[in-house]
Structure formats: C-alpha cells, structure tokens
Amino acid sequence: MSSVAVLIPAYNEEVSIASMIHLSKEYADEVIVIDDGSSDRTKELSRIAGATVLSHDTNNGKGSALRTGFEYAKDYDIIVTIDGDGQHDPAQIPDLLDPILSGNADIVNGSRYIYGHDKNTPKYRRVGQTVLDNATNIASNTKLTDTQSGFRAFSKKTYDYFNFNPSGYGIESDMIVEAANANLRICEVEITVRYDVDSSSDNPVIHGFSVLMRILELMRFNRPLYFFGVGGAILIFLGILISLTISHSLYSTNLSLVAIGYFIIIMGIVVFLSGVLSDTLTHFKNS
C-alpha cells in the first residue's frame, strides 16, 4: 500500500488549522504542518491536533514552506499539498490520489474550473485567475484550468524536479512549468473551494501582479517566442501607428516624430527576431 503525507503550509491559521489536520488525518499516514513564522497559536494548536510541525522562525513564503515539507516527506510515496485556511475539503483527497494510484498521472491538480466557471468564485478573482491561467499555460505549454490551485498530489518520482523558487509568490506556476519541462504527466480533478473562510492578508491585486511578473520571467526562459514575439509585435504595431498618424497629419510636419515611429518599428523587429532566435536555441538545447 502506498504511503501518503499531507503537507499544510500555514501562516497565522489558528482559526482553521486544527480542523484541517483532523480531517486530513483520515487519508494520510502523516499530516505535516509547516508553520511559516506564524505570530499566533498555529504551531501549538497543530501539535495538539496531532500533526508533525516543522517551523520557520520568520515568514519566508509558501515556496519555502513547501521546500521544507517536501524535504521532510521525501520518503513517502505520495505527497498531498492543501492550504491551511479551510478553503479546501480534505474529504476530496482520495479524488487526487486515485489517478496516481492507478498509474495514470504523476501530478494531480485540484481544479475549480474543469467544467467551466465556478459560480462561487468572486468576479474580481476570476478575472485575475484567467490572466494567470493563460500566462502559466503559455509558459508551460499546458492546458490546465486552475493553475494557481494549492490542492495537489505528487507521486514520489516528481520530487527531485522542483526547485521551490521563488520562496513566496508564484510557486504554483513554477511547479507546473518545472513539471512540464520534465515531461511529467499532469491531470486535473474537480474540487470545491469555500470563499467565506478566506483568511489571506495579501492584497489580491498586489499578489496577482507579483505572480504574473514571475510567470513572465518563466515565459522568457521557457517560451521566448511568446515573450519576445508578442512584445515585438506590439512595438511594431505601435511604431506603424505612430508613423502613419503623424505622416498623414495635416497639422504636423515634425519629421523627428516620424523617425521615432520608425525607430520603434525597428526595435520591435529586433525584439521579435530575438524571440525567434532564443526559441530556436531553446528547442536545440532540449532536443
């Protein structure tokens, strides 16, 4: 029988952590809470609830917490990650385990959106989520529907492929890109999420922007044709628009502005060709 560890990264989750541990213990050989520098009673309540507690002295971020957890649980056959704020339902852990146990997947991603939009998702979140999903899928060449999910299952063969960088924002996207680059099999199963228990203290706009910047960085190295190609195309279009608008204006004879338009076009072509060259080199290196 396969051994299962449930990892719960936690930062100031004293309200929900005990119930998450008790519910997860039914499906795991060990529940491991990574207390990431909490200032409340998360650590104490986790121990009382029967979890193994790994502690960081300071708040280092979710990526750092997962690194600590994966290192501790590396001898388990399957690792399940689940958020500690009570949004996920531990009763759905068996749904994530099944594709791995049946040999059909290496990683299972819990998704709210397999069958379309989750009506419970706040609209402002869904807009940002769509942007991050599309960006992550381009960077990783995957077609996942919920790339920012923290509810996942990993088979033992996957552990060595993750760098857990960055330590904070963007770790979910990083892990998808790394898994895709390693040709690991990723599938999705449907999960439900509660939003009435959201205890996150992060500003969603700042958080989303930070994640997007990290995804674009990943795209620059993994899918340079998209990163530079789109940027180059935008510059070319902008340069043409400026040049045509000014050159056909009856009120302007400022040739320097026209020259700026042509310069932007040239820069766009250079950026676009850089993307083509980088993409060619990337494919050659990976072949």
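Below or above, wherever it landed, is the structure these notes cover.

What counts and how
Residues numbered from 1 in each chain as written. Predicted model: local features only at pLDDT ≥ 70, side-chain atom pairs only at ≥ 80, totals over all residues. Heavy atoms only, no water. Pairing = 2+ DSSP bridges. Helix = DSSP H or I, 4+ residues; strand = E, 2+ residues; numbered from the N terminus. Axes fitted to C-alpha atoms, helices over the stretch in contact; angles between N-to-C directions. Contact = heavy atoms within 4.5 Å. Salt bridge = Lys/Arg side-chain N within 4 Å of Asp/Glu carboxyl O. Buried < 20%, exposed > 50% of the residue type's maximum accessible area, 1.4 Å probe, protein only. Core = buried A, V, L, I, M, F, W, Y, C linked by side-chain atoms within 4.5 Å. Phe/Tyr/Trp six-rings, centres within 6.5 Å; stacked < 30°, edge-to-face > 60°.

1. Side note on the sheet that holds strand β6 (residues 152-155)
Item 1. Taken in spatial order, the 7 strands line up as β3-β2-β1-β4-β6-β5-β7 in an open sheet, and their pairing is mixed. Across the chains shown, the open sheet's two edge strands, defined by having one partner strand only, are β3 (52-56) and β7 (186-190). In this sheet, neighbouring strand axes are inclined to one another by 20° on average, regardless of whether the strands run parallel or antiparallel.
Item 2. Across 5 bridges, the pairing between strand β5 (residues 107-111) and β7 is parallel. Residue pairing in the sheet places N109 in a bridge with E188 of β7.
Item 3. Contacts from helix α3 (residues 62-72) reach β1 (4-10), β2 (30-36), β3, β4 (78-81) and β6 within the one sheet, and its direction differs from that of β3 by about 135°.

2. Details of the pattern of salt bridges
Between side chains of opposite charge, pairing is possible as soon as their charged atoms come close.
Item 1. Inspection of every chain in the model, using the stated rule, returns 7 salt bridges.
Item 2. When the shortest N-O distance is used, the salt bridge between E172 and K62 registers 2.6 Å. Note that E172 is positioned in helix α6 (residues 171-181) and K62 in helix α3, a separation of 110 residues in sequence.
Item 3. A salt bridge links D106 to R185; the shortest N-O distance between them is 3.1 Å. Of this pair, D106 sits in the loop between α4 (93-101) and β5 while R185 sits in the loop between α6 and β7, and the two are 79 residues apart along the sequence.
Item 4. Overall, the relative accessible area of 3% leaves D106 in the buried class.
Item 5. Judged by its relative accessible area of 38%, R185 falls in the partly exposed class.

3. Regarding the nonpolar core
Nonpolar side chains in soluble globular proteins generally cluster together in the buried interior.
Item 1. The biggest cluster of nonpolar side chains holds 29 residues, and the ones touching the most others in it are V6, I8, I21 and V80.
Item 2. Counting residues per element, the ones that place at least two in this core are β1, α1 (17-25), β2, β4 and α4.

4. Some details on the environment of L97
Item 1. The topology assignment puts L97 in helix α4.
Item 2. Assessed through its relative accessible area of 8%, L97 is described here as buried.
Item 3. Along the backbone, L97 and I78 are 19 residues apart, and their C-alpha atoms lie at a distance of 7.9 Å.
Item 4. With residues up to four places along the chain from it excluded, the contact list for L97 reads V4, Y27, I78 and V80.

5. Concerning the packing of aromatic side chains
Item 1. By the definition in use, this model includes 6 aromatic pairs.
Item 2. Ring centres of F70 and F154 lie 5.3 Å apart, and the angle between their planes is 75°; on these two criteria the pair is classed as edge-to-face. Note that F70 is positioned in helix α3 and F154 in strand β6, a separation of 84 residues in sequence.
Item 3. What makes F70 buried here is its relative accessible area of 4%.
Item 4. Its relative accessible area of 2% is what places F154 among the buried residues.
Item 5. The interplanar angle of 75° and the centroid separation of 6.2 Å between the aromatic rings of F70 and F162 together place this pair among those described as edge-to-face. Residue F70 is located in helix α3, and its partner F162 is located in the loop between β6 and α6; the two are separated by 92 residues in the primary sequence.
Item 6. Residue F162 is classed as buried on the basis of its relative accessible area, which comes to 6%.

6. Brief notes about α6
Along an α-helix, residues three or four positions apart point the same way, because every turn accommodates 3.6 residues.
Item 1. With 10 of its 11 residues buried, α6 lies for the most part within the structure.
Item 2. The set of residues buried in α6 consists of I171, E172, S173, D174, M175, I176, V177, E178, A179 and A180.
Item 3. Trailing α6 by a residue or two, N183 shows a phi angle of about 60°, which is positive.

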